Amino acid sequence: MTAYRRPADIAALVEDDRVHRDLYLSDELFALEQQHFFANTWSYLGHASQVPAAGDYLAVEIAGRPLLMVRQGDGGIRVLYNRCAHKGSKLVSDECGSSGKFFRCPYHAWTYRLDGTPLSIPLKSGYEGTRLKDCESGRGMVALRHVAVYRDFVFVKIGDAGPDFESYFGAALRAIDNLVDRSPVGRLRIDGGVLRNIIHCNWKMYLENINDTVHPVSTHESAAQAANALWQGQPAEAPKPMAMEQILPFGESYDFFDRMGARVYPNGHSMLGINFSIHSGYAQMPDYEQALAAAHGVERAAEILQRSPQNSVCFPSLALKGSPQAFRVIRPLAADRTLIEAWSLRVEGAPELLFERSMSYNRLAFSPMSVVAHDDVHLFEGMQQGLRGEGNDWISLHRGFDPAERAAPILDVNGTNEILMRNQFRAWVEFMTMSMPE
Amino acid sequence: MTETTELSLFEFIAHEAQLLDALRLDEWLALFADDGRYWVPLRGALQADDGTHNALADEDRLLLSLRIARLKNPRAHSQHPPSRCQHVLQQPTVVHADAAARRYELRTPFVYVEARADRQLMLTGCCRHRLIDTSDGLRIELKRVDLLNPGAALPAIQLFP
Ligand code: FES
Ligand SMILES: [Fe+2]
């Protein structure tokens, strides 16, 4: 299978207003994504709060590469390949932990400093007069060159092509600011564990759906109807249990989702719900709002709290919610298999209730036992199968298409506009073909 | 505790699982006390009940009724075709009994299989039931499902392990 060896073949899969089904189905394209697309884009790796002390590590696989985020003695963060310089053993096999002052390979006991440089080798004299020092194996663990820590969110770019961190994300970073600024002390902490889901669909399908506001009315009809029926008869002002507060808005109308508005940024990023969102109606907390105003000033505090976008996509791997403070990480495993992680955040200096909201939302919406996501997952998996049918090779992304839309770097649109997806696929072509020979 | 009581506790556990397997979910829900809770902690047996860690599911009667109402809704797309489940239980053990308060805690190792269309999912672990014997019979105050590997990346679990 070598249908897609030239950039032009790949570009032809993404038209202005539709994309080819091979984007979701082809194993060859998946392999090319691993090789090119994920080397040229910035992927979310982990949160600095997961490695609080020197020697703490977090092991993550990104695009098939085993990576290790390590807290250094000087407080900085480095990302190394989780590969011994000797014969390739993984240095650690737990997903997180502490290596102490150095890494020691379990196989032949080569050791490395926390920055990956070699520390010692058993039977050292056996290497005298050999070329070890001059070759890769003598240089220790390989460190990634492109690592960015933005307000404790750690991103990596695997390859040397592709833009630097700031030019890649640009104004889309305001979504992270909005999340972090909800802490009066400007700090978040990952807590409460991660919910991990395996979904048998292409990762781009999942990512598209994060920006899809037309599906809730029909997809989530069963959950919304059940919630409405249970809540019926309650006076409008009755305080809702947290779960109700979080589930009922899934039943909002087309009009609601259209009016919530959206924004697209260059390089595939987007923000859904720039006017309001299904998260706007959570109960207020006056004490917390005062603390935030004291930290940021009244105006900025109001701005932070009023803005609860439904989803902010830091393309291609991260989807953030400012409120509830939570995020999803998209980890492609195969053309038809994707790992989705849902993480909860503690907002330092804020009431415990925010953390409870974060965990509750993740549980209701993103757990393998979710009451909302089963219908999404069923539909993604059905699409993955349905697309194998012949007679129509294309996925329609026509809604709201305007030939002029490509000219504007940042564009505000109505919430149901499929430009959010067109924008992702335009970026997909760009980063997929960037480092490919003609 | 008399032997009859122990037997009735064991029968209750078996009956509860049978109701789930038969998808008699309203009858199942009726087994819960008013403030009953169904909990599948994310760290399984290691998890303390102090609210600091998340769960795959943590539901009171309101949420359980929501889940059950959703499953019955013809537009529950993920139930076309429907899921089925089977609990295979080991003999429970009574880990705690307070005859005066009529409260009992039981531990039941299980294998749970959920099947839908051509896919089948298997989970295993230990159930811990906290029961209270009321004038209406035994009621569940807490059903805690400690999965063996709750932190694993899982496909959709649609019914009740
Ligand atoms: S592979 Fe690591 S020391 Fe040999
Ligand atoms: Fe959805």
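Everything below is about the structure printed above this text.
One structure accompanies this document, and this report is about it. Every value quoted in this text rests on a predicted model; they were computed, and no experiment measured them. (Residues numbered from 1 in each chain as written. Chains lettered and ligands numbered in written order. Predicted model: local features only at pLDDT ≥ 70, side-chain atom pairs only at ≥ 80, totals over all residues. Heavy atoms only, no water.)

Comments concerning the overall build of chain B
Each helix and strand counted, chain B has three helices and seven strands in total. For chain B, the N- to C-terminal ordering of α and β elements is α-α-β-β-α-β-β-β-β-β. Against the globule reference of 15 Å for 161 residues, chain B gives a C-alpha radius of gyration of 16 Å, in line with a compact fold. Along the longest, intermediate and shortest principal axes, the C-alpha atoms of chain B span 45 × 30 × 30 Å. Taken over 161 residues, chain B has a buried fraction of 48%. Across chain B, the fraction of contacts at a sequence separation of at least 24, relative to all contacts at a separation of at least 6, is 57%. For chain B, the accessible surface area stands at approximately 7,600 Å², while carbon and sulfur atoms represent 50% of it. Charged side chains of chain B number 19 positive and 22 negative; the gap between the two group centres comes to 7 Å. (Helix = DSSP H or I, 4+ residues; strand = E, 2+ residues; numbered from the N terminus. Rg over C-alpha atoms; globule rule 2.2 N^0.38 Å. Buried < 20%, exposed > 50% of the residue type's maximum accessible area, 1.4 Å probe, protein only. Contact = heavy atoms within 4.5 Å. Areas by Shrake-Rupley, 256 points an atom, 1.4 Å probe, with all protein chains shown as cover. Lys, Arg positive; Asp, Glu negative; His and termini not counted. Charge placed at Lys NZ, Arg CZ, Asp CG, Glu CD.)

Quick word on the nonpolar core
The nonpolar side chains of a soluble globular protein tend to be buried with one another. Core analysis: the largest hydrophobic core is formed by 156 residues, its most contacted members being Phe 153, Phe 327 and Trp 428 of chain A together with Trp 28 and Tyr 38 of chain B. In this view, Tyr 38 of chain B contacts Met 369 of chain A together with Trp 28, Phe 32, Ala 57, Asp 58, Glu 59, Leu 64, Lys 143, Val 145, Phe 160 and Pro 161 of chain B; residues no more than four positions away in its chain are not counted. Membership of the second largest hydrophobic core comes to 16 residues, among which are Cys 84, Ala 85, Leu 91 and Met 141 of chain A. (Core = buried A, V, L, I, M, F, W, Y, C linked by side-chain atoms within 4.5 Å.)

A closer look at the pairing of strand β12 (residues 188-199) of chain A
Two faces make up the sheet, and in a regular strand the side chains alternate between them. Residue and element names in this part refer to chain A. Of all twelve residues that make up β12, eleven are buried, and the element is covered over most of its length. Direction of pairing for β12 relative to strand β18 (residues 337-347): antiparallel, over a ladder of nine bridges. Counterpart to Ile 198 in the pairing with β18 is Leu 339. (Pairing = 2+ DSSP bridges.)

Quick look at the packing of aromatic side chains
All names here are of chain A. Enumeration over the complete set of coordinates arrives at 27 aromatic pairs over all chains. Here the aromatic rings of Phe 256 and Phe 257 are separated by 5.5 Å at their centres, their planes lie at 85°, and the arrangement is edge-to-face. Here Phe 256 matches Phe 257 in class, with each residue buried. Aromatic ring contacts, followed pair by pair, group Trp 42, Tyr 44, Tyr 150, Phe 153, Phe 155, Phe 165, Tyr 168, Phe 169, Phe 327 and Phe 431 into a single cluster. Between Arg 18 and the ring centre of Trp 394, over which it is positioned, the NZ or CZ distance is 3.9 Å. The residue whose ring lies beneath Arg 346 is Phe 355, and the NZ or CZ to ring-centre distance is 3.9 Å. (Phe/Tyr/Trp six-rings, centres within 6.5 Å; stacked < 30°, edge-to-face > 60°. Lys NZ or Arg CZ within 6 Å of the ring centre and 35° of its normal.)

Brief notes about unusual backbone geometry
Residue Phe 315 of chain A is joined to Pro 316 of chain A through a cis peptide bond whose omega torsion reads 5°. Structurally, the position occupied by Pro 316 of chain A is in the loop between β15 (311-314) and β16 (318-321). Between Ser 323 of chain A and Pro 324 of chain A the backbone carries a cis peptide bond, its omega angle lying at -5°. Within the element layout of this structure, Pro 324 of chain A appears in the loop between β16 and β17 (326-334). Unlike most non-glycine residues, Leu 23 of chain B shows phi in positive territory, near 55°. As for its placement among the helices and strands, Leu 23 of chain B is situated in the loop between α1 (3-21) and α2 (25-29). Its identity as a non-glycine residue notwithstanding, Ala 117 of chain B has a phi of 50°, on the positive side.

Structural notes on the sheet that holds strand β9 (residues 118-120) of chain A
Residues and elements named next belong to chain A. Judged by pairing direction, the sheet is antiparallel, and its three strands sit side by side in the order β7-β8-β9 without closing on themselves. In this open sheet, the two edge strands, each paired with only one partner strand, are β7 (102-104) and β9. Strand-to-strand, the axes of this sheet are offset by a mean angle of 35°, without reference to chain direction. (Axes fitted to C-alpha atoms, helices over the stretch in contact; angles between N-to-C directions.)

Examining the state of the cysteines
If you walk through the whole model with that rule in mind, you get zero disulfides over all chains. A disulfide-free cysteine, Cys 96 of chain A has its sulfur positioned 20 Å from the sulfur of Cys 105 of chain A, the nearest such atom. (Disulfide = S-S within 2.5 Å.)

So, the environment of Leu 119 of chain A
Residues and elements named next belong to chain A. Inspection of the secondary structure assignment puts Leu 119 in strand β9. For Leu 119, a relative accessible area of 40% gives the class partly exposed. Between the C-alpha atoms of Leu 119 and Phe 102, which are 17 residues apart in sequence, the distance is 8.2 Å.

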